[in-house]
Every structure is written in structure tokens, then in C-alpha cells.
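Topology and contacts: notes
Now for the letters of each chain:
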Amino acid sequence: MGRILAIDYGIKRTGIAVTDPNRIISTGLTTVNTPLLIQFLQDYCKNECVDIFLVGEAKHLDNTPSESMKYIEPFVAKLAELFPDKEIARIDERFTSKMAFQAMIDGGLKKKQRQNKAMIDQVSATIMLQNYLDSAAYKALK
């Protein structure tokens, strides 16, 4: 069984989280400058077995796509083209940044550390991945 790699896609930075090989624990991996994302994923997949890419869907409260979807959808298409053997799952990413910020507060990070947007992106990807692992959709795959 391969890992699940979560991608919190952003125009400038992209947060990455990954499961352990048994798909039990969601762990923040890194934040990548988005122009370098494809190369990062190719390098990572050469060294680690990844079965599923989990990509966030940016939506408004009324369930309509947000402005960032115009950047996310072409990325997902490119991902499918470059990694045809990998499943691409999608998950609603609403509120993950707010949840990440709150988790950082709850974890005792100082104000200066909480201003690190790269850290917020990585924690957001971790929350997305954990939400997926807890979801009925994932449990149905088991």
C-alpha cells in the first residue's frame, strides 16, 4: 500500500502533507514554491510509493468554486497527465487555513511563528489529509 500525498495548492506556495505507508497518520511534509511543485512531486514519487494524490477544492460558502479553482483545475489536469497510474482524490478545503491557524495557537506557537504562511499551508494540507482519512469516502476504499 502506498502513501496518500495531500496538496493544498496555492498560487505562490503549496502545502504538502503525507501519510505513513500504512495510511494511519497524516504528517505535514513541506511547503513548496508552486512553480517548483511538479518537479518536487516527480522527485518525491521516485523515492516514495504514492498511490493517491489528494487535492483540495477551493469553494465559497454557497458551494460554488472560488477564484483559485481556475488555477487548481489546470494543475489537476497536468497531475493526471504526468501521473496516469495514480488516483487523484478531491476534498473540500474550506476553513482549513483557519483551522490550521487555530491549531498553531492551540499548539503554543508564538505570534511570530504563526505569521509564517508556509507553515499555515503545510498545516492546512495536514488537516485536509486527516479529514480525508476520517471520511466515509476513504473508509469505503479500505
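Residue numbers run consecutively from 1 along every chain, following the written order of its sequence. Owing to the predicted nature of the model, reporting of local features is limited to residues with pLDDT of at least 70; listing and counting of side-chain atom pairs is limited to 80 or more, with chain, interface and lining totals taken over all residues. The side-chain numbers reported here are obtained from all heavy atoms of the structure, hydrogens and water having been left aside.

**Observations concerning the pairing of strand S1 (residues 3–8)**
Throughout this description, buried means an accessible area under 20% of the type-specific maximum (1.4 Å probe, protein chains only), exposed means over 50%, and partly exposed covers the range between. Each helix corresponds to a stretch of at least 4 residues labelled H or I by DSSP, and each strand to a stretch of at least 2 residues labelled E; elements are numbered beginning at the N terminus. Burial of S1 is extensive: six of the six residues sit out of reach of the surface. By the alternation rule, side chains of S1 split into Arg3, Leu5 and Ile7 and Ile4, Ala6 and Asp8, which are all buried. The pairing criterion is simple: DSSP has to find at least two bridges between the two strands. In this sheet, strand S4 (residues 50–57) lies alongside S1 in parallel orientation, the contact comprising five bridges. The residue bridging Ile4 from the neighbouring strand is Ile52, located in S4. Across four bridges, the pairing between S1 and strand S2 (residues 13–19) is antiparallel. Within S2, the position partnered with Ile7 by the bridge is Ile16. Between S1 and S2, which pair antiparallel one after the other, the connecting turn spans four residues.

**Quick notes on helix H1 (residues 37–47)**
Every buried residue belonging to H1 is among Leu37, Leu41, Tyr44 and Cys45, and all of these are buried. For H1, the arc enclosing every buried residue in end-on projection is 95 degrees, short of the 170-degree limit, so these residues lie on one face. Exposed positions of H1 whose direction lies more than 90 degrees from the buried face are Lys46 and Asn47. Note on contacts: a residue pair is in contact if any heavy atoms of the two residues lie within 4.5 Å. Buried residues along H1 sit against S1, S2, strand S3 (26–33), S4 and helix H2 (69–82). What the arc describes is the spread of directions from the helix axis to the C-beta atoms.

**Looking at the state of the cysteines**
Whenever a pair of cysteine sulfur atoms sits within 2.5 Å, that pair is classed as a disulfide. Scanning the model with the defined rule gives zero disulfides in all. Counting only cysteine sulfurs, Cys49 is the nearest neighbor of Cys45, a cysteine outside any disulfide, at a range of 8.7 Å.

**What to know about the sheet that holds S4**
Here five strands make up an open sheet; going across it, the order is S3-S2-S1-S4-S5 and the pairing mixed. The strands lining the two open edges of the sheet, one partner per strand, are S3 and strand S5 (87–92). Taking the axes of each pair of neighbouring strands and ignoring which way they run, one obtains an average angle of 25 degrees across the sheet. Two elements, S2 and S3, share seven bridges in a ladder whose sense is antiparallel. Bridging from a neighbouring strand, Thr14 pairs with Val32 of S3. Docked against the sheet, H1 engages S1, S2, S3 and S4, running at close to 135 degrees with respect to S3. Angular values range over 0 to 180 degrees, each being the angle between N-to-C directions of two axes fitted as lines to C-alpha atoms, with helices fitted over their stretch in contact.

**Considerations on the packing of aromatic side chains**
Ring pairs are drawn from Phe, Tyr and Trp, using the six-membered ring of Trp, whenever the two centres fall within 6.5 Å, and their geometry is named by plane angle: stacked under 30 degrees, edge-to-face over 60, tilted for the rest. Inspection of the entire model under this criterion finds three aromatic pairs. Taking 5.1 Å as the distance between ring centres and 70 degrees as the angle between the ring planes, the aromatic pair formed by Phe53 and Phe83 counts as edge-to-face. One end of the pair, Phe53, is in strand S4; the other, Phe83, is in the loop between H2 and S5, and 30 residues separate them in sequence. The class for Phe53 is buried, based on a relative accessible area of 0%. Its relative accessible area of 7% is what places Phe83 among the buried residues.

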